[in-house]
Amino acid sequence: MRATVSDVARMAGVAPMTVSRVLTGSAKVADATAERVRKAVALLRYQPNELSQAFRWNRSHSIGLIVPNLTDRAVSVSVAAINDVAKMHNYTVNLATSNGSPETENIQVKLMIQRGVEGIVIIPNEQESHSFHYENIEKVPFVALLNPMPGMPVDAVLAQERQGARAVVEHLVEREHRNILFIAEGASTYILRERHEGYRNAMLHAGLKPIECFYGNSQQTLETVLRKQLALSQEGITAAVTGNESATLATIRSLRSLGKIKAPSLCLMGFDDFPAADLLIPPVSIIRTPVTEMATLAINMLFGKIEHSELKSEGNVSLPVELIQRESNDRKSGHAIARAPSRR
């Protein structure tokens, strides 16, 4: 039969409560007494009932992780990193997706708390206010990742998106580029807004006119907008900065369809690294967001709050991005897009 706490207590000559204190570390026990308990545990091959301990000590050794989806590369990388750190702490991760819905996100938060998670890492949805979380925010520690939670007392781990965009523009200007195009599906998300704002500020600071290309969610729309933008450029656009991975790939497809991309014809730089970016023609220089490092920091911040419940929110923490240059971006090298031919 399976040994019980009472069996261990009898063998060690202590009270059952003393056994629990030794096993959980909830109170100081004399070294000699603790050693007797540990020997009894080993001899009887006693295995604690983790579920009952969780209820007794209010410790489930689990955390919640709520993300918008699992298709975005940054999200999937974050999930993997958080799982790795949680395993090191002997914690399980309850994963849920909100599918971009604030209402679903709120429901998932409530369900996580009902399941007894000790804390939640959340990649919040894009919205003006997260006030609906106020009823739950004091129940367990929260840490936001990738996107902030405005108006909420929640620490967030972010990337220095504006600084990254500024560094890209400065990098291109130093290499004699003046007509630099910014391409994105839109500026509806926090990350794209930050990158776009960084680009605009850097262009204006350099005395240059921002050139922006926002397109819908179809390839045909981007080709139409891009053709028009290239035709309007008097001197020829020599460089392009794409707002994220999807914009980079869509831009390459569109330029090839328009017949405007021939190595080395374009200085293309984009946010977010992706497989084979260095194998494309021309290779794509990348502004790398340290997603793994950000996710690792977020989960470690959460564990800090779990262990020290008195810790208060300190605001947002921003990590620097990295510029990965894969080929010369010097205009003298001949990296330039010719003007798109006008239709007759």
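Residues numbered from 1 in each chain as written. Predicted model: local features only at pLDDT ≥ 70, side-chain atom pairs only at ≥ 80, totals over all residues. Heavy atoms only, no water.

J.: Looking at this structure, I do not really get unusual backbone geometry. What am I missing?
T.: At asparagine 99, a residue that is not glycine, the phi angle is positive and equals roughly 55 degrees. Along the polypeptide, asparagine 99 turns up in the loop between β2 (92–97) and α6 (102–114). (Helix = DSSP H or I, 4+ residues; strand = E, 2+ residues; numbered from the N terminus.)

J.: I keep staring at the pattern of salt bridges and nothing clicks. Help me out?
T.: Think of it this way: side chains of opposite charge can pair up when their charged atoms draw near. Overall, the coordinates contain 11 salt bridges when judged by the stated rule. Salt-bridge contacts for arginine 162 lead to glutamate 194; the nearest nitrogen and oxygen are separated by 3.1 Å. Residue arginine 162 is located in helix α8 (residues 161–174), and its partner glutamate 194 is located in helix α9 (residues 190–205); the two are separated by 32 residues in the primary sequence. Under the relative-accessibility criterion, arginine 162 is labelled partly exposed at 35%. The exposure class of glutamate 194 is buried, given its relative accessible area of 17%. We note a salt bridge from arginine 288 to glutamate 322, for which the minimum N-O separation is 3.7 Å. With arginine 288 in strand β10 (residues 285–288) and glutamate 322 in strand β12 (residues 322–324), this pair connects stretches of sequence that are 34 residues apart. (Salt bridge = Lys/Arg side-chain N within 4 Å of Asp/Glu carboxyl O. Buried < 20%, exposed > 50% of the residue type's maximum accessible area, 1.4 Å probe, protein only.)

J.: It is not clear to me how the pairing of β10 should be interpreted in this structure. Could you clarify?
T.: Regular strands show a simple pattern: their side chains alternate between the two faces of the sheet. Pairing between strand β9 (residues 267–271) and β10: 3 bridges, direction parallel. Along β10, the bridge assignment pairs phenylalanine 271 with isoleucine 287. Bridge analysis of β10 against β12 gives 3 bridges, and the strand direction is antiparallel. The residue bridging isoleucine 286 from the neighbouring strand is isoleucine 324, located in β12. (Pairing = 2+ DSSP bridges.)

J.: So what exactly am I meant to see when it comes to the sheet that holds β10 here?
T.: Paired through their backbone hydrogen bonds, the strands of a sheet run either parallel or antiparallel. If you trace the 6 strands from one edge of the open sheet to the other, you get β7-β6-β8-β9-β10-β12, paired in mixed fashion. The open sheet has two free edges, formed respectively by β7 (211–214) and β12, since each of these has just one partner strand. Mean inter-strand twist for the sheet, computed between neighbouring axes without regard to direction, equals 20 degrees. (Axes fitted to C-alpha atoms, helices over the stretch in contact; angles between N-to-C directions.)

J.: Would you mind going over the environment of glycine 64 with me for this structure?
T.: Mapped onto the elements of the fold, glycine 64 is located in strand β1 (residues 62–67). Looking at glycine 64, the relative accessible area reads 0%, which means it is buried. C-alpha separation for the pair glycine 64 and leucine 111, spaced 47 residues apart in sequence, amounts to 9.5 Å. Those residues in contact with glycine 64 that sit more than four places away from it in its chain are Asn94, Met112, Val117, Gly119, Ile120 and Val121. (Contact = heavy atoms within 4.5 Å.)

J.: How do you make sense of the sheet that holds strand β3 (residues 120–122) when you look at a structure like this?
T.: Sheet architecture is open: 6 strands sit in the order β2-β1-β3-β4-β5-β11, paired in parallel fashion. Here the strands that pair on one side only, and so sit at the sheet edges, are β2 and β11 (316–319). Strand after strand, the sheet turns through a mean of 20 degrees between neighbouring axes, direction not considered. Across 3 bridges, β1 lies against β3 in parallel orientation. Looking at β3, one finds that leucine 65 is bridged to valine 121.

J.: What should I look at first to understand the side chain of glutamine 108 in this one?
T.: Mapped onto the fold, glutamine 108 is located in helix α6. Accessibility expressed as a relative area gives 16% for glutamine 108, which makes it buried. Once residues lying within four places of it in the same chain are set aside, the contact partners of glutamine 108 are Ile66, Ala96 and Thr97.

J.: Mind showing me how you'd approach the packing of α8 against α9 here?
T.: Helix packing for two helices is described by the angle between their axes and how far apart those axes are. Axis separation between α8 and α9 bottoms out at 7 Å; the angle between their running directions is 40 degrees. Relative to α9, α8 is oriented oblique. In this structure, α8 meets α9 at a crossing whose hand is right-handed. Where α8 abuts α9, its residues Glu161, Arg162, Ala165, Arg166 and Val169 lie against Ile191, Glu194, Arg195, Glu197, Gly198, Tyr199, Asn201, Ala202 and Met203. (Parallel < 35°, antiparallel > 145°, perpendicular 65-115°, else oblique. Left-handed = near helix turned anticlockwise from the far one by under 90°.)

J.: Sorry if this is basic, but what is going on with α6 here?
T.: Count 3.6 residues to each turn of an α-helix, and residues three or four apart come out pointing the same way. Over its 13 residues, α6 runs 19 Å from end to end, which matches the ideal 18 Å to within 8%, given 1.5 Å per residue. Along α6, the residues classified as buried are Glu105, Asn106, Gln108, Val109, Met112 and Ile113. Down the axis of α6, the buried side of the element spans an arc of 160 degrees, and every buried residue falls inside it. Turned more than 90 degrees away from the buried face of α6, the exposed residues are Glu103 and Gln114. (Expected span 1.5 Å × (residues − 1). Arc of directions from axis to C-beta.)

J.: Hey, could you run me through the pairing of β9 in this one?
T.: Of all the 5 residues making up β9, 5 are buried; the element is thus mostly covered by neighbouring parts of the structure. Bridge analysis of strand β8 (residues 239–242) against β9 gives 4 bridges, and the strand direction is parallel. Looking at β9, one finds that valine 241 is bridged to methionine 269.

In short, the description is geometric, and any link to function would need to be established separately.
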